Amino acid sequence: MRKKVEDLKVVALAGGVGGAKLVLGLDHVLKPGNLSVVVNTGDDFEHFGLKICPDLDTICYTLADLVDTNRGWGLANETYQVSQYLADLDAPGWFTLGDKDIAVHMERTRLLKSGWTLSQVTQDFCEKWDIETKVHPMSDSAAPTHINTKNQGLMSFQEYFVKHQFQPEVVSVVYERVLDSSPSQAVINAIEEADFVVICPSNPILSIEPILRYKEIRDLLTEKKVIAVSPLIQGQALKGPAAKMYDELGFVPEAYTVLLAYQDFLDLFIYDELDDESFPKKKVKDIITSKAQTIMKTKADKIALARVVLEQGIELLGMA
Ligand code: GDP
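As the structure is a prediction and not an experimental result, all values here were calculated from the model.

Colleague: Could you give me a rundown of the environment of A243, with the residues and numbers involved?
Modeller: Position of A243 relative to the elements: it lies in helix 10 (residues 242-248). For the pair formed by A243 and P231, sequence separation is twelve residues and the distance between their alpha carbons is 9.3 Å. Sequence-distant contacts of A243, defined by excluding residues within four places in its chain, comprise L232, G235, Q236, A237 and P253.

As structure tokens, then:
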């Protein structure tokens, strides 16, 4: 008998805002506990001595229904008293810090300093926020992404993304690794047990590639059924610098470039139906391509796309 969509075990690879949309949909469609999310930590940084994990927070706030739905990140009903007083003190103000958000960063920093791993802290927060989906940082070791820019040299990810609003021209992206960095065992176990791995429509260069830089993860993906949803629609990113960066790095900014980036392990690529005419029909390896309505404005859109992704996975990739 064909497996039902809700019974599938799925691992989603995700960054922040774009990834969180499909993650929320998958969380609704799958049975509680059947979804694991592997989250990029290349954006993590320290600010005012606090450990800040923007993508992990976006995913968790979204799953806990605490997120500011207008922005897609940060907590709803925030206040900014600390930031306002920091401004009075002429402290750096380029990174938005809500008061409740600061509490999360403080507690995370305290737990890490007392010897907890980032995975343990994340699990603890998920329990407190009643999140049944398993959320895993890609690694417990730091692996910061740096951006090499044409006119301003090397800068940290957050300087590029937030301070300079991704305006500097990018020459290359540097994925740093502390020497013994490896994915956490929980990440490996989750992927091993998954029926499908879904690569969310997150920025392929900034959010997904840091996860794929772990050889253990990349190798494992070649043995799994992997589905990716394009974050580029009609040559544009719906948010952020994915198209601009592709262009600056010498690639055509379009969905097909995303497919090529994942070609070593990809089985099914879903691009937006608006790209149907322009999407090349030429087959790459054995990768099946398919279209869907992938723009997720409402919660219903997110749930609908999650269902389509899993149904197409079952139909086109087969599932006993
Ligand atoms: P960030 O870390 O907060 O920038 O978030 P992600 O890397 O997870 O997501 C950024 C990407 O999400 C961008 O390339 C957007 O084009 C893509 N994106 C955002 N919303 C949507 C959507 O509704 N549908 C699709 N297909 N892509 C989206």
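Colleague: So, helix 12 (residues 299-317): which residues are in play, and what are the values?
Modeller: The first and last C-alpha atoms of helix 12 sit 27 Å apart over 19 residues, in line with the 27 Å expected at 1.5 Å per residue. Every buried residue of helix 12 is accounted for by K302, L305, A306, V309, L310, Q312, G313, I314 and L317. Those residues of helix 12 that are buried are in contact with strand 1 (10-14), helix 1 (17-29), strand 9 (196-199), strand 10 (225-229), strand 13 (268-272) and strand 14 (288-292).

Colleague: Give a description of the packing of aromatic side chains that names residues and reports values.
Modeller: Counted under the stated rule, the structure contains twelve aromatic pairs. With a centroid separation of 5.4 Å and an interplanar angle of 45 degrees, the aromatic rings of F161 and F166 are classed as tilted. Relative accessible area serves as the criterion here: at 21%, F161 is assigned to the partly exposed category. Note on Y271 and F279: the rings are 4.0 Å apart at their centroids and 10 degrees apart in plane angle, and the pair reads as stacked. Taken individually, Y271 and F279 each receive the classification buried, so the pair is uniform in this respect. Through a chain of ring-to-ring contacts, the aromatic side chains of Y256, F269, Y271 and F279 assemble into a single cluster. Seen from the ring of W73, R71 lies directly overhead, with NZ or CZ sitting 4.1 Å from the centre.

Colleague: Account for the sheet that holds strand 5 (residues 134-137), with residues named and values stated.
Modeller: Reading across the sheet, the seven strands line up as 5-2-1-9-10-13-14 and stay open at both edges, with parallel pairing between neighbours. Strands with a single pairing partner mark the edges of an open sheet, and in this sheet they are strand 5 and strand 14. Strand-to-strand twist across the sheet, computed as the mean angle between neighbouring axes with direction ignored, equals 20 degrees. Across five bridges, the pairing between strand 13 and strand 14 is parallel. Bridging from a neighbouring strand, Y271 pairs with K291 of strand 14. Docked against the sheet, helix 7 (residues 185-193) engages strand 1, strand 2 (35-39), strand 5 and strand 9, running at close to 130 degrees with respect to strand 5.

Colleague: How would you summarise the packing of helix 1 against helix 12 if you had to cite specific residues and measurements?
Modeller: For the pair helix 1 and helix 12, the least separation of the axes is 7 Å and the interaxial angle reads 70 degrees. What the angle tells us is that helix 1 and helix 12 run roughly perpendicular. Seen from helix 1, the contacting residues are K21, L22, L24, G25, L26, H28 and V29; seen from helix 12, they are K299, K302, I303, L305, A306, R307 and L310.

Definitions and cut-offs
- Residues numbered from 1 in each chain as written.
- Predicted model: local features only at pLDDT ≥ 70, side-chain atom pairs only at ≥ 80, totals over all residues.
- Heavy atoms only, no water.
- Helix = DSSP H or I, 4+ residues; strand = E, 2+ residues; numbered from the N terminus.
- Contact = heavy atoms within 4.5 Å.
- Expected span 1.5 Å × (residues − 1).
- Buried < 20%, exposed > 50% of the residue type's maximum accessible area, 1.4 Å probe, protein only.
- Phe/Tyr/Trp six-rings, centres within 6.5 Å; stacked < 30°, edge-to-face > 60°.
- Lys NZ or Arg CZ within 6 Å of the ring centre and 35° of its normal.
- Pairing = 2+ DSSP bridges.
- Axes fitted to C-alpha atoms, helices over the stretch in contact; angles between N-to-C directions.
- Parallel < 35°, antiparallel > 145°, perpendicular 65-115°, else oblique.

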